[in-house]
Amino acid sequence: MKLSEIQLGKNGVTDNFILTIKGSFQKHNQVRISVLKSAGHTKEQVKEYADKILTFFDERYTAKIIGFKIILKRWRTPKR
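Attention here is on the structure that accompanies the text.

Procedures and definitions
- The residue numbering used here restarts from 1 in each chain and proceeds along that chain's sequence as written.
- Residues qualify for local features only when their pLDDT is at least 70, as the model is predicted, and side-chain atom pairs are given and counted only at 80 or more; totals for whole chains, interfaces and linings, by contrast, use all residues.
- The basis for the side-chain values is all heavy atoms of the structure; hydrogens and waters are excluded.
- Numbering of helices and strands runs from the N terminus, with a helix taken as a DSSP run of H or I at least four residues long and a strand as a DSSP run of E at least two residues long.
- Here the globule rule is a power law, 2.2 Å times the number of residues to the power 0.38, and the radius of gyration is based on C-alpha atoms.
- Throughout this description, buried means an accessible area under 20% of the type-specific maximum (1.4 Å probe, protein chains only), exposed means over 50%, and partly exposed covers the range between.
- Every residue pair with non-hydrogen atoms within 4.5 Å of one another is taken to be in contact.
- All accessibility values rest on the Shrake-Rupley procedure with a 1.4 Å probe; residue burial counts only the protein chains present in the view.
- His is not counted, nor are the chain ends, whereas Lys and Arg count as positive and Asp and Glu as negative.
- Charged side chains are reduced to one point each, which is NZ for Lys, CZ for Arg, CG for Asp and CD for Glu.
- Think of it this way: a Phe, Tyr or Trp ring, Trp meaning its six-membered ring, pairs with another when their centres are within 6.5 Å, and the plane angle makes it stacked under 30 degrees, edge-to-face over 60, tilted otherwise.

### Comments concerning the overall build of the chain
Across its full length, the chain carries two helices and four strands. In terms of overall size, the chain behaves like a compact globule, its C-alpha atoms giving a radius of gyration of 12 Å where 80 residues would be expected to give roughly 12 Å. Dimensions of the chain, computed from the C-alpha atoms along their principal axes, are close to 35 × 25 × 20 Å. Within the chain, the fraction of its 80 residues that count as buried is 32%. Taking contacts inside the chain between residues at least 6 apart in sequence as the whole, the part at least 24 apart equals 58%. Split by element, the accessible area of the chain, about 5300 Å² in all, is 49% carbon and sulfur. Averaging the coordinates of the 17 positive side-chain charges in the chain and doing the same for the 7 negative ones gives two points 9 Å apart.

### Focus: the packing of aromatic side chains
Here the structure, examined in full by the defined rule, presents three aromatic pairs. Relative to Phe 57, the ring of Phe 25 has its centre 6.0 Å away and its plane inclined at 75 degrees; by these criteria the two rings are edge-to-face. Taken together, the positions of Phe 25 in the loop between helix 1 (15-24) and strand 2 (30-35) and Phe 57 in the loop between helix 2 (43-54) and strand 3 (61-66) put the pair 32 residues apart, joining distant regions of the chain. Here Phe 25 matches Phe 57 in class, with each residue buried. Residues Phe 57 and Tyr 61 carry aromatic rings whose centres are separated by 4.8 Å and whose planes lie at 45 degrees to one another, so their mutual orientation is tilted.

Okay, structure coming up:
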C-alpha cells in the first residue's frame, strides 16, 4: 500500500493544500495528514478539517480519523 504524508499547519485547509493532496493521490492510494498543534489541536477541529477536505473530492474518497491524524483513502468504487 502506497502512502504519502502531509502536515496541516496554522493556515488550515487552503486551495494550495488541496492541490498538494490531489498531487499526492496521483502516485499514492492513501494520504496521511498530521494536524499540527498550531492548526487547532482539538478532536472537534480535526473532524471539521476532515469534513472540509472531503468536500473537495468525490464519493470515491473516505476519511478516517485516528488521534490527530486524518487518513484519506481513494477507492475504485464510490463508498460515501
